[in-house]
Amino acid sequence: MSAAPVRPPSVTDALLALEGLLLGGGQRTARRNAWTAVLEDRRRAKDRHEAEHVLEAVSTGASQAT
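Residues numbered from 1 in each chain as written. Predicted model: local features only at pLDDT ≥ 70, side-chain atom pairs only at ≥ 80, totals over all residues. Heavy atoms only, no water.

## Some words on the overall build of the chain
Stated precisely, the cut-off is as follows: Helix numbers and strand numbers start at the N terminus; a helix is a DSSP run of H or I with at least 4 residues, a strand a run of E with at least 2. Partly exposed residues are those whose accessible area sits between 20% and 50% of the maximum for their type, while under 20% is buried and over 50% is exposed, using a 1.4 Å probe and protein chains only.
On a plain count of helices and strands, the chain comes out with one helix and zero strands. Per-residue burial over the chain gives 2% buried out of 66 residues.

## Brief notes about a nonpolar patch on the surface
For clarity, the cut-off: A patch consists of residues whose relative accessible area exceeds 30% and which take part in no salt bridge; residues with like charges are grouped when within 9 Å of each other, and nonpolar side chains (Val, Leu, Ile, Met, Phe, Trp, Tyr) when within 5 Å. Under the convention used here, a 1.4 Å probe and the Shrake-Rupley method define accessible areas, while residue burial counts only the protein chains that appear. The salt bridge definition used is simple: a Lys or Arg side-chain nitrogen within 4 Å of an Asp or Glu carboxyl oxygen.
Where nonpolar side chains cluster on the molecular surface, the patch consists of Val11, Leu15, Leu18, Leu21, Leu22 and Leu23 and spans about 650 Å² of accessible area. Relative to the helices and strands, leucine 21 is located in helix α1 (residues 11–65).

## What about the pattern of salt bridges?
Tallying each qualifying case throughout the model produces six salt bridges. For arginine 44, the salt bridge identified is with glutamate 40, shortest N-O distance 3.5 Å. Taken together, the positions of arginine 44 and glutamate 40, both in helix α1 and four residues apart, correspond to about one turn of that helix. Here arginine 44 falls in the partly exposed class, since its relative accessible area comes to 38%. Residues aspartate 41 and arginine 44 are paired through a salt bridge, measuring 2.4 Å at the closest nitrogen-oxygen approach.

Structure, rendered in structure tokens:
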């Protein structure tokens, strides 16, 4: 039994390997940044919601006082 011939890596193979190394971390960073943005948006939405309740309470209290 003879072993299959081994072909040398092509330029395309080398570029794909390099792209995998360079973009692999970039994709992780992009996902992490996207998730951080989602969490920040949720926090701002919660803050807006709480502020709306406070403003409604203040405006209701002020209109009843007059």
